[in-house]
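Structural features, examined
One-letter residues, chain by chain:
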Amino acid sequence: MSGLLASCGLPPGMKLLHLRVYHGGECVLETDFDVPDSSTVSEIWDAAGRKPLGTQTVAESLGENKANPLEAKLTGPVEIRISHPASDEISAKLTNLTLQRSSADSDDWHLPAEEVNRAKKGAK
């Protein structure tokens, strides 16, 4: 229901998308971001690389990199899923994934540009 309410606040011509990152069978990150209704799959992946509008779930493990608290490295199989209630889901399965955030106390984790490019290549 909250996704529905949030989408009502978007400007006309925009849609709210939900991003989930799965690692080790667990959802470690859930965020929301918006894109124009006319966005291509490539443009949707690009938008996943921006700071999200909101974050619902962040695993504690994402903030454990004391050497670089703005980065989280997930090793092994990772799946990224992007969905919208009115359309099909797009996803990519990768080996290893780096996430980034804007500050050590924020929860605005998102895909850096190089990971967006990898996801586009691995998307189905």
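Our structure is the block above this text.
The structure contained in this document is the topic of the report that follows. These numbers were taken from a predicted model, which means no experiment stands behind them.

Moving on, we get to the side chain of Thr31. Take Thr31: it is sitting in strand β2 (residues 26–36). Apart from residues no more than four positions distant in its own chain, Thr31 is found in contact with Leu17, His18, Leu19, Pro52, Gly54, Thr55, Gln56 and Trp109.

With that out of the way, let us pick up the pairing of strand β4 (residues 71–84). With six bridges connecting them, strand β1 (residues 14–23) and β4 associate as antiparallel partners. Following the sheet pairing, Arg20 is matched in β4 by Arg81. The pairing of β4 with strand β5 (residues 87–100) spans eleven bridges and is classified as antiparallel. Among the inter-strand pairings, Leu74 is bridged to a residue of β5, identified as Leu97.

How two aromatic rings sit relative to each other is given by the distance of their centres and the angle of their planes. One pass over the full model with this rule turns up zero aromatic pairs. Lying across the ring of Tyr22, Arg81 places its NZ or CZ 4.2 Å from the centre.

On to the sheet that holds β5. Read across the sheet, five strands follow the order β3-β2-β1-β4-β5 without closing on themselves; strand pairing throughout is antiparallel. Here the strands that pair on one side only, and so sit at the sheet edges, are β3 (54–58) and β5. When the angles between neighbouring strand axes are averaged without regard to direction, this sheet yields 20 degrees.

On to the environment of Leu70, then. When you line up the elements, Leu70 lands in the loop between β3 and β4. Given the relative accessible area of 34%, Leu70 is considered partly exposed. Each C-alpha atom of the pair Leu70 and Gln100 lies 5.5 Å from the other, and the pair is 30 residues apart in sequence. Setting aside residues up to four positions removed in sequence, Leu70 forms contacts with Leu99, Gln100, Arg101, Ser102, Ser103, Ala104 and Trp109.

Relative to the assigned elements, Lys120 resides in helix α3 (residues 113–122). Taking the relative accessible area as the measure of exposure, Lys120 reaches 27% and is therefore partly exposed. Measuring from C-alpha to C-alpha, the distance between Lys120 and Ala59 comes to 24 Å, with 61 residues separating the pair along the chain. Setting aside residues up to four positions removed in sequence, Lys120 forms contacts with Ser42, Trp45 and Asp46. Among the polar contacts made by the side chain of Lys120, one reaches the side chain of Ser42 at a distance of 3.0 Å.

What counts and what doesn't
- Residues numbered from 1 in each chain as written.
- Predicted model: local features only at pLDDT ≥ 70, side-chain atom pairs only at ≥ 80, totals over all residues.
- Heavy atoms only, no water.
- Helix = DSSP H or I, 4+ residues; strand = E, 2+ residues; numbered from the N terminus.
- Contact = heavy atoms within 4.5 Å.
- Pairing = 2+ DSSP bridges.
- Phe/Tyr/Trp six-rings, centres within 6.5 Å; stacked < 30°, edge-to-face > 60°.
- Lys NZ or Arg CZ within 6 Å of the ring centre and 35° of its normal.
- Axes fitted to C-alpha atoms, helices over the stretch in contact; angles between N-to-C directions.
- Buried < 20%, exposed > 50% of the residue type's maximum accessible area, 1.4 Å probe, protein only.
- Polar contact = N/O pair within 3.5 Å; in protein donor to acceptor, adjacent residues only side chain to side chain.

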